[in-house]
Structures are given as structure tokens and as C-alpha cells.
Amino acid sequence: MPYSNSIRETYPFLTKYFENGINSSDKNIAHCILFYGSDLEAQYNLALEIARMLNCKGTHTPECDCLNCRWIRENNHPAVLTVSKVDNKPADDTSKTVISITQARKIKNDLLVTSEYHRVYIFCDKDADGNIQGLNGINFQEDAANALLKTFEEPPSATTFFFLTKDKTDMITTVVSRAQSFFVPSMKAEDNSFEIVREAMEGYPSLERDGVLDLNDKLYALTGENEPLTVLTQVQNYIGALIKSNGLNTKLLHDFNAAETAKKQLQLNMNAQNVIENLAFELVLNG
Ligand SMILES: [Zn+2]
């Protein structure tokens, strides 16, 4: 997994947010950080960049070449560990498809010993080719998570856990509730288009109550010529693009999640008309 400095340019808002927290006098960032979105590699690189900022003992600049920064760029730092079904398994651990209880216990034991570093654990999954994949209820199950819940809640000082997932709803809720969540929008061009919905969505964040039906009608009309799921995906892409240009704000994050919920409802065979109506209400009246 090549580490890329360009993550700072790709996600200026997120890097700045964490940089400000880390540079504040009390290193004020959450112990448990959950990233979600479709680009898992970007999430991983972002976690590494944050690990680098946490461990830098040099100039505290992006170009710093101190030993800690170098180790992390090579993804070879002794205290910055990837935890997956294939990474950092104890020798006697025979599990192959999950982050196991044995792994969880090893982390707990390792944390009993003090460290000169800021310890970072990046929980994720990997495919057969070693590409970063997201956590879900199959590769990160309740027993392993439960073994670590107390640790997630009150970790030793200078310890940060990252959880990488496509979708928050894929993750065990007890972990989600203990983590601070950040949406990491995919910057890959191919799945970001929103041409179909651009006109219907234009200016929607400033719509008032009386704009709900109009938005509903415009979006529903689009399902005449397009798959409803395509329309909803593009609605979500449109909101994702707003997030990229405006930065994180609660309204846009709410709306992004509302679009995700709508997609799920559609996949559960809910009537498209109802799904779009609910979504129009969520986008205009809530969030
Ligand atoms: Zn450094």
C-alpha cells in the first residue's frame, strides 16, 4: 500500500480538521475515529497521515523527514498497526476470515505496556490482492469487538483507533456509538456523476417548506427515464460534490445519509415513489 502525500490535497478539510486538533495543546482528537465512504484506500491513507502527524517528532510539517514520519510513509512504524483478518495476527491464531478475539486480546495486552509512540490501530479488511476493504458484520464480529469495547471507550493515553467502512450501517453499532464518524467522499471520477439530477437538485439546500413537493415531483419525474436507484445515487453524488466544495457541515452530512437510507429502502423493494417522497422531505425539512 503506497502512502501518498497527495491525501492532504485531496482532503484539505479533513486533514486541516485533524491537524488543528493534533496541534492544539491537549492533542484534542477522538480516541475512536470511524471513516465511511466508498474509497477505502483514501480512508487508509488519511488514517496514516493522521498517524504521522500524531507521531512526528520533527518539524511537524507535511514534508518532515524525521524517523517517525519516514517509518509511517513506508508503512513500517512499530506502533502504527493495521488490524485485519490478514494483518497482525498472533502466531497461534488460525482464523482466516475475521478479526479474531485472539487479535483483540493481543491488542489489549500490548496496550498494558507503555510506549514512547502514539499508538495507532487501523481496523479494516483486505481482499485477496491486499487492497483495503471495509469492515462489516462478517469480518469484524461482535465477539471480537466486545472484547475491545472497554478499551475503545477508555484507551490508554496516546492511543487512537481507526475504523474503516463503506457504510456506517455495515458496522457493529456498539463500535459506531463509541466513535466519532467522518464521511470521506470518494474523489474517484467514475462514480461521482450527477448530470441526471443536477437541474432538479440545483439550490435545494435553500428550499423552504413549500419547495418539498416541487423537489419530489422533479426527482420522481426523472425515474420515468432512469432507474430509480441511479437517480438516488446521483442525488447522493450531488450532495457529495457540495460537501467537497463547501466542507463538512451537519446539514449536508444528514442529507448524504438520507440519500444512503433512500437507496437502501429501494433495495429492500420499497415503492420508489414513497422513497423519493421521504427523501424530499428529509432534504428540505430535516437536517
Ligand atoms: Zn516528522
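Because the structure is a prediction, the values reported are computed rather than measured. (Residues numbered from 1 in each chain as written. Predicted model: local features only at pLDDT ≥ 70, side-chain atom pairs only at ≥ 80, totals over all residues.)

K.L.:
I'm lost on the overall build of the protein chain in this one. Help?
P.N.:
Regarding its fold elements, the protein chain presents 12 helices and seven strands. At 21 Å, the protein chain has a C-alpha radius of gyration in line with the 19 Å of a compact globule built from 287 residues. The dimensions of the protein chain, computed from C-alpha atoms along their principal axes, are 60 × 40 × 35 Å. Across the 287 residues in the protein chain, those meeting the buried criterion constitute 36%. For the protein chain, the proportion of contacts with a sequence separation of at least 24, taken over those separated by at least 6, is 72%. (Helix = DSSP H or I, 4+ residues; strand = E, 2+ residues; numbered from the N terminus. Rg over C-alpha atoms; globule rule 2.2 N^0.38 Å. Buried ≥ 20, exposed ≤ 12 C-beta atoms within 10 Å, placed from the backbone. Contact = placed C-beta atoms within 7 Å.)

K.L.:
I tried to follow the environment of Glu202 on my own but got confused; where do I start?
P.N.:
You can see Glu202 is positioned in the loop between helix H8 (198-201) and helix H9 (212-222). By C-beta crowding, Glu202 is classed as exposed, having 9 other C-beta atoms within 10 Å. Along the sequence, Glu202 and Tyr117 sit 85 residues apart, while their C-alpha atoms lie 48 Å from each other.

K.L.:
Explain the nonpolar core here, please?
P.N.:
Core analysis: the biggest nonpolar cluster contains 48 residues, and Phe35, Ile122, Phe123, Phe162, Phe163 and Leu164 have the highest contact counts within it. Here this core gets 10 residues from one element, more than from any other, and that element is helix H3 (residues 40-55). Beyond its immediate stretch of four places on either side in the chain, Phe35 contacts Gln43, Leu46, Ala47, Phe162, Leu164, Phe182 and Val184. Of all hydrophobic cores here, the second largest spans 25 residues; its members include Ile196, Val231, Ile239 and Ile276. (Core = buried A, V, L, I, M, F, W, Y, C linked by C-beta atoms within 7 Å.)

K.L.:
Before we go on, may I ask you to explain the domain arrangement of the protein chain in this structure?
P.N.:
Reports of interface size often rely on the accessible area that becomes lost once the parts have come together. With domains assigned, the protein chain is organised as domain 1 (7-188) and domain 2 (192-285). Of note, the centres of domain 1 and domain 2, computed from C-alpha atoms alone, are 31 Å apart. Across the boundary between the two partners, domain 1 contributes six residues, which contact nine residues of domain 2. The class makeup of the residues in the side of domain 1 that touches domain 2 is three nonpolar, one polar and two charged. (Domains from an automatic or database assignment. Nonpolar A, V, L, I, M, F, W, Y, C, P; charged D, E, K, R; others polar.)

K.L.:
Any chance you could explain the sheet that holds strand E3 (residues 119-123) here in plain terms?
P.N.:
Within a sheet, neighbouring strands are paired by backbone hydrogen bonds and run either parallel or antiparallel to one another. Judged by pairing direction, the sheet is parallel, and its five strands sit side by side in the order E2-E3-E6-E1-E7 without closing on themselves. Strand pairing shows two members of the sheet lacking a second neighbour, strand E2 (80-83) and strand E7 (180-183), which therefore form its edges. Ignoring strand direction, the axes of neighbouring strands in this sheet form an average angle of 20 degrees. (Pairing = 2+ DSSP bridges. Axes fitted to C-alpha atoms, helices over the stretch in contact; angles between N-to-C directions.)

K.L.:
Sorry, what's going on with the packing of helix H5 (residues 101-112) against helix H6 (residues 142-153) here?
P.N.:
It is the contact of H5 with H6, at a shortest axis distance of 7 Å, that shows an interaxial angle of 15 degrees. By the angle between their directions, the pair H5 and H6 is classed as roughly parallel. Crossing of H5 against H6: the hand is left-handed. Within the contact between the two elements, H5 uses Ile101, Gln103, Ala104, Arg105, Ile107, Lys108 and Leu111 and H6 uses Asp143, Ala144, Ala147, Leu148 and Thr151. For the contact of H5 with H6, the class distribution of residues is seven nonpolar, two polar and three charged. (Parallel < 35°, antiparallel > 145°, perpendicular 65-115°, else oblique. Left-handed = near helix turned anticlockwise from the far one by under 90°.)

K.L.:
Help me understand H5 in this model?
P.N.:
In an α-helix, one full turn covers 3.6 residues, which means residues spaced three or four apart are oriented alike. End to end, H5 covers 17 Å across 12 residues, agreeing with the expected 16 Å (1.5 Å per residue, within 8%). Where H5 is concerned, the buried positions are Gln103, Ala104 and Ile107. Each buried residue of H5 sits inside an arc of 105 degrees when the element is viewed along its axis, so together they form one side. Counted as exposed and oriented over 90 degrees from the buried face of H5: Asn109 and Leu112. Summarising the contacts, the buried residues of H5 are in contact with E2, E3 and H6. (Expected span 1.5 Å × (residues − 1). Arc of directions from axis to C-beta.)

K.L.:
Please clarify how unusual backbone geometry should be interpreted in this entry.
P.N.:
Most peptide bonds take the trans form, and the phi angle of most residues other than glycine is negative. The phi dihedral of Asn88 is positive, around 50 degrees, even though this residue is not glycine. The backbone of Asn269 shows a phi angle near 70 degrees, a positive value even though the residue is not glycine. With respect to the element layout, Asn269 can be found in the loop between helix H11 (250-267) and helix H12 (272-285).

K.L.:
Mind showing me how you'd approach the environment of Ile138 here?
P.N.:
Following the sequence through the fold, Ile138 ends up in the loop between strand E5 (132-133) and H6. With 11 C-beta atoms packed within 10 Å, Ile138 lands in the exposed category. Between the C-alpha atoms of Ile138 and Met171, which are 33 residues apart in sequence, the distance is 9.4 Å.

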